[in-house]
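Secondary and tertiary structure notes
The chain contents come next:
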Protein chains: 4
Amino acid sequence: MIKVGVVGGTGYTGVELLRLLAQHPQVELRAVTSRAEAGTAVADMFPSLRGRVKLQFSDPANSPLDSCDLVYFATPNGVAMKQAGALLDAGARVIDLSADFRIKDLGLWQKWYGMEHASPALVADAVYGLPEVNRQHIRAARLIANPGCYPTATQLGFLPLVEAGCVDCGHLIADAKSGVSGAGRKAETNILFSEASDSFKAYGAPGHRHLPEIEQGLASAAGRAVGLTFVPHLTPMIRGIHATLYARVEREENFQALFERRYADEPFVDVLPPGSHPDTRSVRAANVCRIAIHRPQGGDTLVVLSVIDNLVKGAAGQAVQNMNLMFGIDECAGLSHIPVLP
Amino acid sequence: MIKVGVVGGTGYTGVELLRLLAQHPQVELRAVTSRAEAGTAVADMFPSLRGRVKLQFSDPANSPLDSCDLVYFATPNGVAMKQAGALLDAGARVIDLSADFRIKDLGLWQKWYGMEHASPALVADAVYGLPEVNRQHIRAARLIANPGCYPTATQLGFLPLVEAGCVDCGHLIADAKSGVSGAGRKAETNILFSEASDSFKAYGAPGHRHLPEIEQGLASAAGRAVGLTFVPHLTPMIRGIHATLYARVEREENFQALFERRYADEPFVDVLPPGSHPDTRSVRAANVCRIAIHRPQGGDTLVVLSVIDNLVKGAAGQAVQNMNLMFGIDECAGLSHIPVLP
Amino acid sequence: MIKVGVVGGTGYTGVELLRLLAQHPQVELRAVTSRAEAGTAVADMFPSLRGRVKLQFSDPANSPLDSCDLVYFATPNGVAMKQAGALLDAGARVIDLSADFRIKDLGLWQKWYGMEHASPALVADAVYGLPEVNRQHIRAARLIANPGCYPTATQLGFLPLVEAGCVDCGHLIADAKSGVSGAGRKAETNILFSEASDSFKAYGAPGHRHLPEIEQGLASAAGRAVGLTFVPHLTPMIRGIHATLYARVEREENFQALFERRYADEPFVDVLPPGSHPDTRSVRAANVCRIAIHRPQGGDTLVVLSVIDNLVKGAAGQAVQNMNLMFGIDECAGLSHIPVLP
Amino acid sequence: MIKVGVVGGTGYTGVELLRLLAQHPQVELRAVTSRAEAGTAVADMFPSLRGRVKLQFSDPANSPLDSCDLVYFATPNGVAMKQAGALLDAGARVIDLSADFRIKDLGLWQKWYGMEHASPALVADAVYGLPEVNRQHIRAARLIANPGCYPTATQLGFLPLVEAGCVDCGHLIADAKSGVSGAGRKAETNILFSEASDSFKAYGAPGHRHLPEIEQGLASAAGRAVGLTFVPHLTPMIRGIHATLYARVEREENFQALFERRYADEPFVDVLPPGSHPDTRSVRAANVCRIAIHRPQGGDTLVVLSVIDNLVKGAAGQAVQNMNLMFGIDECAGLSHIPVLP
């Protein structure tokens, strides 16, 4: 059994992680920390976990984190960078679901995240946890930077094209739509039910923090800088990301075959038949990305539709997938839930 | 492995049954029938099942149903009563998720369901599949009448009071609210998104088909006739039933303790601590009923709050629970999914 | 033109009031105050008002409130009781949409609202602004206690029965469901989209602040104390209240005729034909209460269904109706909007 | 008073038209036809209209349509093209909200709509009813082809750029999101609440009927053919369209100023301040298009955000605006409703 701790279990990625870990056949959950909720039973805050998670939230200072084999950080940005080092030194491995270790260029990170980085050395050490790109490095990693939700959906949708070098990588467009849980479990008026329900809007059009993360990943795949216009939107649903991706063809290919080939051996990427339109509910609560490829009117603009559950393949599920790789167990262990539909 | 067939797999209870059965460790799914969709891959209609259910819908006439150990009917009312007999004769057992075998009084059934019953003898034979009441009979049954969704939530909420004889059983009130999936997957304008979303209404106030089913169950528990006012409501959510139950106290009791005692050994009924208000999402996609008991202002009116997922404990999950009992395996097999929250 | 000021224009009743007042033919909006947002253009916070409300939020201290003919308080409980007196002394009339002046029994108010009342004398002076009961007193009033949302729907539904004395007033039951905007525009996690969407729950079952307000109104109509069990529920919709009311018949009546007679001359109460089930969207954004009466199975329990838009007939619209009465203009002025459906 | 008839009043554009017309100060509603619902009171089908629309649906054959000054067609495609001619001959004017007269190129229309056109001569005669482009022609028109919802939002967002010739018109991208009411009030499973709620998907990526309509309008503005990639999406909300538009800059401009200048005199187009993100609720139930312009990271890709209520500025409201122009009355008459928020 892998002894696991979770730092920051009161947000949506935290509770989703607990849902997955509590059903994982090879995990023993040892601690869930929350400074604010220390002493509260986890299942009192999240009744869905009654009878399944028997721990109380514990104060990080008194938690047996350093005796864990693995510690997840499901904390706001800026926490893991301060605490991961000590845990690594104590011999634990770490998967950080925040953005602290995702961007290799520290100056870029500091510009977008508005703070000084506390552990520059660990940034260099961290492995970006997108198994479809970095599987081998993940197996050997001590510290994983778990990808963001938009970056997961967007990179998986663009990767085959960018790797093959058959589209104009200087003018990619990602029009991405997220469910409201992507904004976290924070007391903010703009994500109240009465604000976000029965309405739709873009946000962050001038620039969103996930832009540099996506550009870094695609540039690495392309072998050169890429140009991306990324517009996120808030959608009145709880879970789900739908990325609609546009790229200009520069070299002809059988694009459907290209995608099928690229993801033939991937357990959690599903390339749909030609003509498909995946809906986000087809991945609800499951660790899968479904992708469809279109070429409207046979023109020179490709349209890729890529959907994930932002809390699963876009966060907690991918984190569990990374854990499975790191500990040499079946990559799919604890991740075989069928999506919940309707 | 239990060889299983599903008749009528294109509705919501059907697809939910497939989700549960495809993940059940002791089930081999042999056939899913649909006259209208014969030849279509199940996963083409429900992409959530891609890679997990590899069958095509088959025509009932050419399906290996009679070589199954168990056949589920997830069909509209009036189908199972015509077809169950032949399957039973061939040695299969049957769980009917429709209302065909739920009401013992044939005249009453015919009045509420507006048709002649095709198999009166089987009605007498059928066991009402509410394990919290009929567990022993279910184990031995050949034919199960799987309870309705409102009847499950309402009976589980009233049972301890009615069995104990401590409330006025002549004037029970059940104000019940259902998600829209309870209306089925039928092309009807009144359950369109643009009709049912962002709105709330009662329906069937003069009389709903689940009324005689609930009254039959409660009368059996009380040992005499009961009087129930039952008003169902349509709520803008996909899954979930919330029954708010009112009963007048006739004899003092520790009602919290009464409920805790009654359900102490029940794996799928969860009595919440005093003061609780269960929300339907706390049972989403899981086979559990959560119940809270209130006595406002210490008056003589008790309020019981009872929530289930209408498609799981209110339909497919309860049907799997019944199967587990009938085949002598762990009652919880394949039913340990943690609710999906948020 | 009636010169009008609004104290506290940043909540949902505030913005709804602005929507109605900006379209009212006899109102001149002079000031909208908000300490926190002073200096911000109202239309920057609520883009729906662009081009229609040109004021900025002003600091209450520097606002021309005392030169207004009428001041609305759309503030949290506890504000109006401190500020209304000075405005009344300056000659303005006041309509308070909070609960400060609704309960005549000060001890009761203090128990439910958890604070000392700052202006006991004004409580005695205030007129409860339910025009269907108090029309004549409202015309002459200086200070109106505008009813709560649940109390409006519930009282209008019970009044004909209670006034006629034909039901058991000791055991009334109100099972009420509200849209989330009823909880206000406050940054609280429990009303986040991801918490309140696609779920349903009761709250306040042990006791809700609207209980004494409803009991006071019904007792006054009955001429004696009443007993009410009141259970509010949170529904995943923005606007709307649906009250399902239960009462035991004590004396036979033609109940449909009783309701039609009672509300024959009421411009904003619509008694539906027998057999109807009003949905909340049929009153969305309009100042109307629709009511249907049922007697299931001809038994002795009556079921009344009463729906309003909580922000209109349950708050801002009723406040405008009261203003129209106080200023001797057409009661329906500015309130003739047709509900928005779908 | 303008005597008005509505053919086909049972869909969402129909009921929205009735809402607007019943509140219009210069309209007398004479007939609402529906073959299927002839004899039913309009307000029985749409209780929101109780007391406001007193007509019954009438059979088209017995309706006083040809004595009307104006007849609206709110019918499925293929109806108006057969019936408009006779009404025009009888002296009525006609506004068709379907697509029958929108496309000038008959071959193109027949390809996308899959039927032979019944009145080619009227197509030539019809004026495309986008007032921001065709105001003068609309004033003089007998027959108006009222624009589609996506085409309204998309054209208004692209027009200033295309007219100015400052972007690459060969590679425009419109990523458009619609509320579910855009799919009409049809009994189809794919728009059931339980299918469309809490989920998001693209549809029609290979080609949607609104594509040729948008291309025709933009080509006319550009003075040459344009190339457009148009991907519509279904969003879990009732009303609203959000078009996110992408265009490559070919000639520098002050784009914010360009839009403000273009729409300076338009009563129903609102160009937002720089940095804005309009949400669809800011136009809910109102006849307005709000537009924001972004240039992410100062690159060469412009992003225009354009929102409308699909049933108002995208259908019924625009039809009333066209009527106002045709009859020489105030263009804003009956269209001054403030959006309903929240």
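Residue positions are given per chain, counting from 1 as you read along its sequence in written order. Starting at A for chains and at 1 for ligands, labels are handed out in the order in which the entities are written. Per-residue local features of the predicted model are confined to residues with pLDDT of at least 70, and side-chain atom pairs are confined, for both listing and counting, to 80 or more; whole-chain, interface and lining totals are unaffected and use all residues.

**Quick word on the overall build of chain A**
Broken down by element type, chain A carries 11 helices and 14 strands. Here chain A has a C-alpha radius of gyration of 19 Å; the compact-globule value for 342 residues is 20 Å, and the two agree. Across its three principal axes, chain A shows a C-alpha extent of roughly 60 × 45 × 40 Å. Within chain A, the proportion of its 342 residues that are buried is 62%. By the criterion used throughout, residues are in contact when their C-beta atoms, derived from the backbone, lie within 7 Å. Counted over contacts in chain A with a minimum sequence separation of 6, partners at least 24 positions apart contribute 70%. By definition, any uninterrupted DSSP run of H or I lasting at least four residues is a helix, any uninterrupted run of E lasting at least two residues is a strand, and each is numbered from the N terminus. C-alpha atoms define the radius of gyration in this analysis, and the globule rule sets the expected value at 2.2 Å times the number of residues to the power 0.38. The burial label depends on the number of other C-beta atoms within 10 Å of a residue's C-beta. Counts of 20 or more mean buried, 12 or fewer mean exposed, and intermediate counts mean partly exposed, with C-beta atoms placed from the backbone.

**Re the relation of the copies chain D and chain B**
Mapping chain D onto chain B is achieved by rotating through 180° and translating by 0.0 Å along the same axis, at an RMSD of 0.0 Å. Here the two chains are linked by the operation of a two-fold rotation axis. When the interface residues of chain D are mapped onto chain B, 100% of them again lie at the interface, so the same face is used by both copies. For this overlay, a least-squares fit was computed on C-alpha atoms, restricted to residues scoring pLDDT of at least 70 in both copies.

**Examining the environment of D:Pro151**
Residues and elements named next belong to chain D. Its place among the elements puts Pro151 in helix H7 (residues 149–164). The buried category is assigned to Pro151, around which 28 C-beta atoms lie within 10 Å. On a C-alpha basis, the gap between Pro151 and Glu195 in space is 26 Å, while along the polypeptide they are 44 residues apart. Those residues in contact with Pro151, other than ones at most four positions away along the chain, are His210, Glu213, Ile214 and Gly217.

**Points about unusual backbone geometry**
Residues and elements named next belong to chain B. Cis geometry is adopted by the peptide bond preceding Pro342, which originates at Leu341 and carries an omega value of 0°. You will see that Asp198, though not glycine, has its phi angle at about 50°, which is positive. Note that Asp198 resides in the loop between helix H8 (193–196) and strand E9 (201–202).

**Observations regarding the packing of helix H7 (residues 149–164) of chain B against helix H9 (residues 210–222) of chain B**
Residue and element names in this part refer to chain B. Where H7 contacts H9, the axes come no closer than 9 Å and their chain directions differ by 25°. Taken together, the axes of H7 and H9 lie roughly parallel to each other. Crossing of H7 over H9 shows right-handed handedness. Residues Tyr150, Pro151, Thr154, Gln155, Phe158, Leu159, Val162 and Glu163 of H7 touch H9, and the partners they reach there are His210, Glu213, Ile214, Gly217, Leu218, Ala221 and Ala222. The residue classification treats Ala, Val, Leu, Ile, Met, Phe, Trp, Tyr, Cys and Pro as nonpolar and Asp, Glu, Lys and Arg as charged. All others, Gly included, are polar. Residue classes in the contact of H7 with H9 are distributed as 9 nonpolar, 4 polar and 2 charged. Axis angles are defined between N-to-C directions and span 0 to 180 degrees, where every axis is a line fitted to C-alpha atoms and, for a helix, only to the segment in contact. Each angle receives one of four descriptions, namely roughly parallel if under 35 degrees, roughly antiparallel if over 145, roughly perpendicular if within 65 to 115, and oblique otherwise. Left-handed describes a crossing whose near helix is turned anticlockwise from the far helix through less than a right angle; right-handed describes the clockwise counterpart.

**With respect to the relation of the copies chain A and chain D**
Between the two copies, chain A and chain D, the superposition gives an RMSD of 0.0 Å; the rotation angle is 180° and the shift along the axis is 0.0 Å. When you check the interface residues of chain A against chain D, 100% turn up at the interface there too, and the contact is symmetric in its surfaces.

**Focus on the pairing of strand E1 (residues 2–7) of chain C**
Residues and elements named next belong to chain C. Extensive coverage of E1 is indicated by the burial of 5 of its 6 residues. For two strands to be treated as a pair, DSSP must find no fewer than two bridges joining them. Note that E1 and strand E2 (residues 27–33) share 6 bridges and pair parallel. Paired with Lys3 across the two strands is Glu28, which belongs to E2. Crossover handedness is defined by viewing with both strands directed away from the observer: a clockwise path from the first strand over the helix to the second marks the crossover as right-handed. A crossover connection joins E1 to the parallel E2 through helix H1 (residues 12–22); in handedness this β-α-β unit is right-handed.

**Thoughts on the sheet that holds strand E12 (residues 269–271) of chain D**
Hydrogen bonding along the main chain pairs the strands of a sheet, whether they run parallel or antiparallel. Residue and element names in this part refer to chain D. Judged by pairing direction, the sheet is mixed, and its 7 strands sit side by side in the order E9-E10-E8-E11-E14-E13-E12 without closing on themselves. In this open sheet, the two edge strands, each paired with only one partner strand, are strand E9 (201–202) and E12. Across 8 bridges, the pairing between strand E11 (residues 241–248) and strand E14 (residues 301–308) is antiparallel. Considered in E14, the bridge of Ala247 is made with Leu302. The strands that H7 touches are strand E8 (172–178), strand E10 (228–234), E11, E12, strand E13 (289–294) and E14; relative to E11, the one it contacts most, it runs at about 35°.

**Some words on the interface of chain D and chain B**
On the side of chain B, 15 residues touch chain D, which itself brings 15 residues to the contact. In terms of residues, the side of chain D that touches chain B owes the most to one element, helix H8 (residues 193–196) of chain D, which gives 3 residues. Along the lines of polarity and charge, the residues of the side of chain D that touches chain B split into 8 nonpolar, 4 polar and 3 charged.

**What about the interface of chain A and chain D?**
With 40 residues of chain A at the contact, the number on the chain D side is 40 residues. For the side of chain A that touches chain D, the secondary structure elements donating two or more residues are strand E8 (172–178), helix H8 (193–196), strand E9 (201–202), strand E10 (228–234), strand E11 (241–248) and strand E14 (301–308) of chain A. In terms of residue class, the side of chain A that touches chain D is made up of 16 nonpolar, 17 polar and 7 charged.

**Considerations on the sheet that holds strand E3 (residues 57–58) of chain A**
Residues and elements named next belong to chain A. Pairing is parallel across the open sheet formed by 7 strands, whose spatial order is E3-E2-E1-E4-E5-E7-E6. The sheet is open, and its two borders are formed by E3 and strand E6 (127–128), each paired with just one other strand. As paired strands, strand E1 (residues 2–7) and strand E4 (residues 70–73) are joined by 4 bridges and run parallel to one another. What sits directly across from Val6, in E4, is Tyr72. In the packing of helix H3 (residues 80–89) onto the sheet, contacts are made with E1, E4, strand E5 (93–96) and strand E7 (143–145), and the angle to E5 comes to roughly 160°.

**Here we look at helix H3 (residues 80–89) of chain C**
All names here are of chain C. For H3, the set of buried residues is Ala80, Met81, Gln83, Ala84 and Leu87. Down the axis of H3, the smallest arc covering the buried residues is 160°, so these residues share one side. Turned more than 90 degrees away from the buried face of H3, the exposed residues are Ala86 and Asp89. Where H3 is buried, its residues contact E1, strand E4 (70–73), strand E5 (93–96), helix H5 (120–125) and strand E7 (143–145). Trailing H3 by a residue or two, Gly91 shows a phi angle of about 100°, which is positive. Each C-beta atom gives one direction from the helix axis, and the arc is the one those directions make.

**Things to note about the domain arrangement of chain A**
Residues and elements named next belong to chain A. When its domains are assigned, chain A resolves into domain 1 (2–125) and domain 2 (149–310). Inter-centroid distance (C-alpha atoms) of domain 1 to domain 2 is 27 Å. On the side of domain 2, 7 residues touch domain 1, which itself brings 9 residues to the contact. For the side of domain 1 that touches domain 2, a count of residues per class yields 6 nonpolar, 1 polar and 2 charged. An automatic or database domain assignment provides the domain bounds reported here.

**What to know about the confidence of the model for chain A**
Per-residue confidence from the prediction method is given by pLDDT, with values spanning 0 to 100. Summarising the model, chain A shows a mean pLDDT of 97, and 100% of its residues fall at 70 or more. In the predicted assembly, ipTM is 0.97 and pTM is 0.98.

**Re the packing of helix H6 (residues 131–139) of chain D against helix H11 (residues 312–326) of chain D**
Residues and elements named next belong to chain D. The N-to-C vectors of H6 and H11 enclose an angle of 40°; their axes lie 9 Å apart at closest approach. In terms of orientation, H6 lies oblique with respect to H11. The handedness of the crossing between H6 and H11 comes out as right-handed. Here Pro131, Arg135, Ile138 and Arg139 of H6 lie close against H11, whose contacting residues are Gln321, Asn322, Leu325 and Met326.

**What about the environment of C:Gln297?**
All names here are of chain C. The residue Gln297 is located in the loop between strand E13 (289–294) and strand E14 (301–308) in this model. Judged by local crowding, Gln297 falls into the partly exposed class, with 14 C-beta atoms found within 10 Å. Through-space distance from the C-alpha of Gln297 to that of Gly148 is 33 Å; in sequence the pair is 149 residues apart.

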